[in-house]
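Structural overview for review
Residues per chain, in single letters:
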Amino acid sequence: MKIIYNKIFLEHDTGMHPENRKRLESLGELPETDVTSGEKYLGLMHTEEYIEHVKKYCLQSRPLDRDTFTSKKSYEAAIYAVGATIMASGTGDFALVRPPGHHAFPDRSSGFCIFNNIAIAVKKLIDEGKRVLIMDFDSHLGDGTVKFFYDTDRVLYWSIHQYPAFPGGGYVNEIGEGKGKGYTICVPLPPGSGDEIFSDAVESFLPVALQFKPDVVACSAGFDGYQYDLLLDLRYSLVAYYKLGKILGDNFDNVFATLEGGYNVEVLPKCVNNFIAGVNGEKLPYKERATDSRIIVINEYEARRIELEKNLREFWKI
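Residues numbered from 1 in each chain as written. Predicted model: local features only at pLDDT ≥ 70, side-chain atom pairs only at ≥ 80, totals over all residues. Heavy atoms only, no water.

**Looking at helix H4 (residues 117-127)**
- Where burial is concerned, most of H4 is hidden: eight out of the 11 residues are buried.
- Regarding H4, the residues found buried are Asn117, Ile118, Ala119, Ile120, Ala121, Val122, Leu125 and Ile126.
- In this structure, the buried side of H4 is in contact with helix H3 (74-91), strand E3 (132-136), helix H5 (143-148), strand E4 (155-162), strand E6 (216-221) and strand E7 (255-259).
- Downstream of H4 by one or two residues, Gly129 has phi in the positive range, about 95 degrees. (Buried < 20%, exposed > 50% of the residue type's maximum accessible area, 1.4 Å probe, protein only. Helix = DSSP H or I, 4+ residues; strand = E, 2+ residues; numbered from the N terminus. Contact = heavy atoms within 4.5 Å.)

In structure tokens form, the structure reads like this:
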């Protein structure tokens with residue numbers, strides 16, 4: 001896994017917004033990749049009316065909603081973010097893009113997201129006959145993504161996120177509907193959850209992911225669960241992201257990722273590089289002491305995990 005990056009992603013100008021160009025600039029002078037536009041694929045996820053709405057608002061540098069800002073080049077950055085994510089899905093790489101995507105719905109923006117990069121790439125894959133595991137480890141629920149695939153058995157959506165937190169939802173009883181019942185795994189972590197809880201959330205439900213036998217693993221790679229991130233109250237260390245990457249790399253042949261959240265620009269490069277090193281089976285680049293959780297947090301998590309396992313047992317061996 002290597003980084004796919006282009007300076008076009010800096011042209012999405014959001015000023016002093018938490019989701020700003022400094023997030024990518026923090027990784028230093030990266031080699032640029034010739035990325036392709038994903039504009040022709042937008043219709044796999046989004047309505048034509050919404051696409052035109054985005055074009056209009058970006059030209060006027062108007063916010064799409066109270067959280068999602070735009071500038072004149074935001075539409076261009078967004079369609080190339082889609083294109084880079086699709087490229088990554090074919091090469092097993094990490095699309096270092098912005099704007100992020102997993103909160104975007106077919107007909108509206110949300111939570112800093114304009115177009116749903118991961119959902120578009122995954123829809124293209126399943127239209128090609130692939131079975132896809134979406135591993136969403138951004139610590140906000142990818143509500144746009146989960147909604148889009150909630151009724152299909154071609155995608156297993158697995159999210160580990162803080163609950164309660166924006167955007168709401170993502171509790172243990174949300175397991176899909178229709179043909180997709182049992183194919184959504186929402187693992188809600190209480191605020192204050194540290195490395196041992198995150199590790200358990202991965203290891204407890206990895207058997208389900210393996211039973212699904214995906215052709216491709218698509219990662220919504222968010223790093224806002226880091227202990228000093230600005231927007232959430234989880235307590236992961238840098239090592240947690242390395243261990244997650246290693247588990248994915250050891251257990252699945254085809255893994256790709258696209259950047260979602262992560263707003264502490266001082267540590268975002270370390271989080272990204274630790275995750276990539278884990279997937280690649282390389283040595284740990286950045287060490288840090290593991291974090292732990294208070295007993296009251298552990299007890300709450302375990303109660304939620306047991307309830308989720310009960311809800312999924314009808315569909316999977318757990």
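**Points about the environment of Asn117**
- Along the chain, Asn117 falls in helix H4.
- For Asn117, a relative accessible area of 1% corresponds to the buried category.
- Residues Asn117 and Ser220, spaced 103 residues apart in sequence, show a C-alpha to C-alpha distance of 9.1 Å.
- Not counting the four nearest positions on each side in its chain, Asn117 is found in contact with Ala78, Ala81, Val82, Thr85, Val97, Pro99, Pro100, Gly101 and Thr258.

**Regarding the pairing of E6**
- Counted residue by residue, E6 has six buried out of six residues, so it is predominantly covered.
- Neither face of E6 is open: one carries Val216, Ala218 and Ser220, the other Val217, Cys219 and Ala221, and all of them are buried.
- Taken together, the five bridges between E3 and E6 define a ladder with parallel strand orientation. Within E6, the residue paired with Leu133 across the bridge is Val217.
- In this sheet, E7 lies alongside E6 in parallel orientation, the contact comprising five bridges. If you follow Cys219 over to E7, its bridge partner there is Ala257. (Pairing = 2+ DSSP bridges.)

**Concerning the environment of Lys7**
- The topology assignment puts Lys7 in the loop between strand E1 (3-4) and helix H1 (22-25).
- For Lys7 and Leu30, which are 23 residues apart along the polypeptide, the C-alpha to C-alpha distance reads 9.2 Å.
- Ignoring sequence-local partners within four residues, the contact set of Lys7 consists of Glu29 and Glu32.

**Regarding the packing of helix H6 (residues 195-212) against helix H7 (residues 238-251)**
- Running from N to C, H6 and H7 cross one another at 15 degrees; their axes reach a closest spacing of 11 Å. Classified by the interaxial angle, the pair formed by H6 and H7 is roughly parallel. The chirality of how H6 crosses H7 is right-handed. Here Asp195, Phe198, Val202, Leu206 and Leu210 of H6 lie close against H7, whose contacting residues are Ala240, Leu244, Ile247 and Asn251.
- Per-class residue counts for the contact of H6 with H7 are seven nonpolar, one polar and one charged. (Axes fitted to C-alpha atoms, helices over the stretch in contact; angles between N-to-C directions. Parallel < 35°, antiparallel > 145°, perpendicular 65-115°, else oblique. Left-handed = near helix turned anticlockwise from the far one by under 90°. Nonpolar A, V, L, I, M, F, W, Y, C, P; charged D, E, K, R; others polar.)

**A look at the packing of H6 against helix H9 (residues 295-312)**
- Running from N to C, H6 and H9 cross one another at 10 degrees; their axes reach a closest spacing of 11 Å. Judged by the inter-axis angle, H6 sits roughly parallel to H9. Between H6 and H9, the contacting residues are Glu196, Ile197, Asp200, Ala201, Ser204 and Phe205 on the first element and Val297, Ile298, Tyr301, Arg305, Leu308, Glu309 and Leu312 on the second.
- Its residues placed into classes, the contact of H6 with H9 shows eight nonpolar, one polar and four charged.

**Section: unusual backbone geometry**
- For the bond from Tyr163 to Pro164, the omega torsion is 0 degrees, close enough to zero to count as cis.
- With respect to the element layout, Pro164 can be found in the loop between E4 and strand E5 (184-189).
- In this chain, Phe166 is followed by Pro167 through a cis amide linkage whose omega measures 5 degrees.
- One non-glycine residue, Ser61, adopts positive backbone phi at about 55 degrees.
- Considering the arrangement of structural elements, one finds Ser61 in the loop between helix H2 (48-59) and H3.
- Positive phi, close to 80 degrees, is recorded for Phe112, a residue that is not glycine.
- Note on placement: Phe112 falls in the loop between strand E2 (94-95) and H4.

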